[in-house]
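Each chain is listed here by its residues.
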Amino acid sequence: MEIVDLSKETLGPYLVCLEDWSEDLKEAGNRKEIWYKRMKDKGLRVKMAVENGKALGMIQYVPIEAAFAEGRDLYFIHCIWVHGHKGKGVGNVQKRGIGKALLHAAEEDVRGMGKTGVAAWGVWLPFWMRASWFRKQGYTKVDRDGMAVLLWKPFSQDAVPPRWIRMKKKPDKGEGRVRVTALCSGWCQVQNMTCERARRASAAFGDKVEFCEVDTSDRATYLEWGIPDGLFIDGKSVVTGPPPSYQKIMKKIAKKVSKLKT
Ligand SMILES: CC(C)(COP(=O)(O)OP(=O)(O)OC[C@H]1O[C@@H](n2cnc3c(N)ncnc32)[C@H](O)[C@@H]1OP(=O)(O)O)[C@@H](O)C(=O)NCCC(=O)NCCS
């Protein structure tokens, strides 16, 4: 296994989070590709773990100034993922040291760019991208917003700890129809999939539902809202991790539609 920079050969698996076997991920559309094209000129770095020509893991990180946290001179890890689905794609290759090797390669890369440290995020509960895993790799907690823990590993004494940017604006309720608002930045296929499901579900209700997609990959738009991704039905937040199914979103919208005055 070796850790390499993203290349033409690994771009495909990277854009679908190594899950080219997943029908669910196809639903996410091309939002990640659009995000990738935009961010690669803003300092996005991607490292891939490859063995016998197959992608086993990935890590993507961007300058914190282009990420969803406040800080300077740091890089921010959006996500690290080592394929973990048994019997699918490359199978479960976790716990073989690949995650550690990816993180180490990213840290060395960031150090080489003269940055003052690395920030990362994870959830404090024992699932998905765990904050505890980063703690084990020498990161310390600097902030928390709900389930999301912000951690960092400074490289120098003058490094300034990052902070979460918090939600500043909440989507409104619709007038005379239900308003479904999806904030979508494009970096995460799970969020992209949720956004696409919400768009399709909204369309199924015709003019009773208006669908608004907010592109938070635009920095100014993101700062206006303060959150990169989220789904709201008439202003009420829907939990998007794990991603809600199409049927679940339909059900939630239908409930609101049934309360509309005719
Ligand atoms: C977290 C993750 C990147 C770790 O990669 P990995 O290749 O499985 O981990 P490694 O084999 O390099 O393990 C490194 C260390 O973490 C420990 N570790 C790995 N998985 C762990 C787990 N689930 N719980 C606790 N410790 C764990 C290992 O024991 C090892 O400890 P050591 O340093 O004492 O030897 C990987 O498990 C993963 O991708 N998890 C899902 C994360 C996710 O949801 N990402 C999507 C974000 S969009």
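In this text, all values refer to a predicted model and were calculated from it rather than measured experimentally.

J.: What is the right way to look at the nonpolar core in this model?
T.: If you look at soluble globular proteins, the nonpolar side chains tend to sit buried side by side. Residues Tyr14, Phe76, Ile77, Trp121 and Phe134 are the most contacted members of the largest nonpolar core, which totals 55 residues. The element best represented in this core is strand S5 (residues 74-82), accounting for seven residues. Here this core gathers at least three residues from each of two domains, domain 1 (2-164) and domain 2 (178-257). When residues no more than four places from it in sequence are discounted, the contact partners of phenylalanine 134 are Ile77, Ile80, Leu103, Ala120, Trp121, Met129, Tyr139 and Leu151. Counting 14 residues, the second-largest nonpolar core is a separate cluster that includes Val180, Ala182, Cys195 and Val238.

J.: Any chance you could explain the sheet that holds strand S12 (residues 230-233) here in plain terms?
T.: Taken together, the four strands give an open sheet; going across it, the order is S11-S10-S12-S13, and neighbouring strands pair in mixed fashion. Looking at which strands have only one partner, the edges of the open sheet turn out to be strand S11 (209-215) and strand S13 (236-238). On average, adjacent strands in this sheet sit at an angle of 25 degrees to one another, irrespective of strand direction. As defined by bridge partners, S12 adjoins S13 across three bridges and the pair is classed as antiparallel.

Rules behind the numbers
Counting restarts for each chain: residues are numbered from 1 in the order of the written sequence. In view of the model being predicted, local features appear only for residues whose pLDDT reaches at least 70, and side-chain atom pairs are presented and counted only at 80 or more, with totals across whole chains, interfaces and linings using the full set of residues. Calculation of side-chain values draws on the structure's entire complement of heavy atoms; hydrogens and water are dropped beforehand. In this text, buried Ala, Val, Leu, Ile, Met, Phe, Trp, Tyr and Cys residues form a nonpolar core when linked through side-chain atoms within 4.5 Å. Burial classes: relative accessible area under 20% of the type maximum marks a residue as buried, over 50% as exposed, and values in between as partly exposed (1.4 Å probe, protein chains only). In DSSP terms, a helix is any run of H or I states spanning at least four residues, a strand is any run of E spanning at least two, and both are numbered starting from the N terminus. Domain start and stop positions are those given by an automatic or database domain assignment. The contact rule is simple, with two residues in contact once any of their heavy atoms fall within 4.5 Å. Strand pairing requires that DSSP identify at least two bridges connecting the strands. The angle between two axes is taken between their N-to-C directions and runs from 0 to 180 degrees, where each axis is a line fitted to C-alpha atoms and a helix contributes only its stretch in contact.

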